[in-house]
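Descriptive structure summary
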Amino acid sequence: MNANEISLSGFASFNLDAAILKALDKMNFKEPSDIQAQTIPLIQQGKDLIALAQTGSGKTAACAIPVCNRVDTSRTHVQALIIVPTRELALQYATEAQKIGIYKGVKAFAIFGGEDPSLQQSKLKNGVQVLVATPGRLIDFIYSRQIDLSQVETLILDEADEMLSMGFYDDLEFIIQCLVHTHQTLLFSATMPSKIRQLAKQHMQQPQEVNLIQH
């Protein structure tokens, strides 16, 4: 057994594509964090999930690892849709997914307001499998029929409480209702306001819950 296999024992146990393991090794990911250890197996089983975790707990990778692992790179349409409250988080997510999926050939991209939509549009046309978006810009694209969400297999709402406090509840409702086909929904939040609970109840199928918030 070489040193690489030893160092990756934690992530290797998740039954990941060799190309994903290679990327994690390059990123110096040795052992999964608590949130990763608890959520990655559930996400891989295709279960809906509500995870309560603080920012900085490693939840970006907890989503990006199984999502990139699942992407079928022979198909160019959006397979995972990640909705986040801010452009900073959108960029962080897309960068992380790009790094994790690099050897597998996963294409990740972020769209958000304040940037030229036509440039974002041409990137989408070239094929994006993991799309990270802020609610407003995503809705612009949905309205202008410039985006196809019919092949999305995984919908992720990250920092859901933050999106709520920024007034995005109706936008989230609208986006979720655009995904009329069967898909997996993952919801990450640092707190669980009743509105988020309501959203989960309406749109999720028997979600598993993971709570890593220290009281």
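Note: the structure precedes this text.
Please read all numbers here as calculations on a predicted model, not as lab measurements.

**Considerations on helix α11 (residues 194-203)**
The set of residues buried in α11 consists of I196, L199 and A200. Down the axis, α11 shows its buried residues gathered within 95 degrees of arc, on one side only. In α11, the exposed positions that point more than 90 degrees away from the buried face belong to S194 and K201. For α11, the secondary structure elements touched by its buried residues are β1 (49-52), β5 (154-157), α9 (160-165), α10 (169-178) and β6 (184-189).

**A short note on the pattern of salt bridges**
All chains considered together, the criterion is met by eight salt bridges. Of the charged contacts, one joins D25 and K30 as a salt bridge, the two residues approaching to 3.7 Å between their closest N and O atoms. Under the relative-accessibility criterion, K30 is labelled partly exposed at 35%. For R75, the salt bridge is made with D72, and the minimal N-O distance between the two is 3.8 Å. With relative accessibility at 27%, the residue D72 sits in the partly exposed group. Linked by salt bridges that have partners in common, K59, D158 and E159 make up one network.

**So, the nonpolar core**
Counting residues in hydrophobic clusters, the biggest one holds 41 residues, and the most contacted among them are I65 and V130. Considering each element in turn, this core owes the most residues, seven residues, to helix α5 (residues 59-70). Residues contacting V130, with those up to four places away along its chain left out, are V67, V71, A80, I82, A97, V106, K107, A108 and F109. Grouped together as the second largest cluster of nonpolar side chains are 36 residues, L124, V152, L164 and M192 included.

**Looking at the packing of aromatic side chains**
Aromatic rings in a pair are described by how distant their centres are and how their planes are angled relative to each other. Following the criterion strictly, the structure yields three aromatic pairs and no others. Judged by centre distance (5.3 Å) and plane angle (35 degrees), the ring pair of Y143 and F174 falls under tilted. Highlighted residues: Y143 in helix α8 (residues 135-143) and F174 in helix α10, separated in sequence by 31 residues. Accessibility expressed as a relative area gives 58% for Y143, which makes it exposed.

**Topic: the sheet that holds β1**
In spatial order, the strands read β3-β4-β2-β5-β6-β1-β7; together these seven strands make up an open sheet with parallel pairing. Of all the strands in the sheet, the pair left with one neighbour each is β3 (108-111) and β7 (208-211). Across the sheet, the mean angle separating the axes of adjacent strands is 15 degrees when strand polarity is ignored. Where β1 meets β7, four bridges bridge the pair, whose relative direction is parallel. Directly across from L49, in β7, lies its bridge partner Q208. Strands β2 (80-83), β4 (130-133), β5 and β6 of the sheet are contacted by α5, whose axis makes an angle of about 170 degrees with β5. Relative to β6, α11 is tilted by about 170 degrees, and along the sheet it contacts β1, β5, β6 and β7.

Calculation notes
The residue numbering used here restarts from 1 in each chain and proceeds along that chain's sequence as written. With the structure being a predicted model, the display of local features is reserved for residues of pLDDT at least 70 and the display and counting of side-chain atom pairs for 80 or more, all residues being used for whole-chain, interface and lining totals. Hydrogens are left out, water is left out, and the side-chain values use all remaining heavy atoms of the structure. Each residue is assigned to one of three classes by its accessible area relative to the maximum for its type, calculated with a 1.4 Å probe on protein chains only: buried under 20%, partly exposed between the two thresholds, exposed over 50%. Secondary structure follows DSSP: runs of H or I at least 4 residues long count as helices, runs of E at least 2 residues long count as strands, and numbering of each begins at the N terminus. Think of it as the arc spanned by the lines of direction from the helix axis to the C-beta atoms. Here, residues are in contact when the closest pair of their heavy atoms is within 4.5 Å. Any carboxyl oxygen of Asp or Glu within 4 Å of a side-chain nitrogen of Lys or Arg constitutes a salt bridge here. The set of buried Ala, Val, Leu, Ile, Met, Phe, Trp, Tyr and Cys residues whose side-chain atoms join them within 4.5 Å is what this entry labels a nonpolar core. Classification of ring pairs uses Phe, Tyr and Trp, with its six-membered ring standing for Trp, and accepts pairs whose centres are within 6.5 Å; under 30 degrees between planes counts as stacked, over 60 as edge-to-face, and the remaining range as tilted. When DSSP finds two or more bridges between a pair of strands, those strands are recorded as paired. Helix axes are fitted to C-alpha atoms over the stretch in contact, other axes to C-alpha atoms as well, and angles between N-to-C directions run from 0 to 180 degrees.

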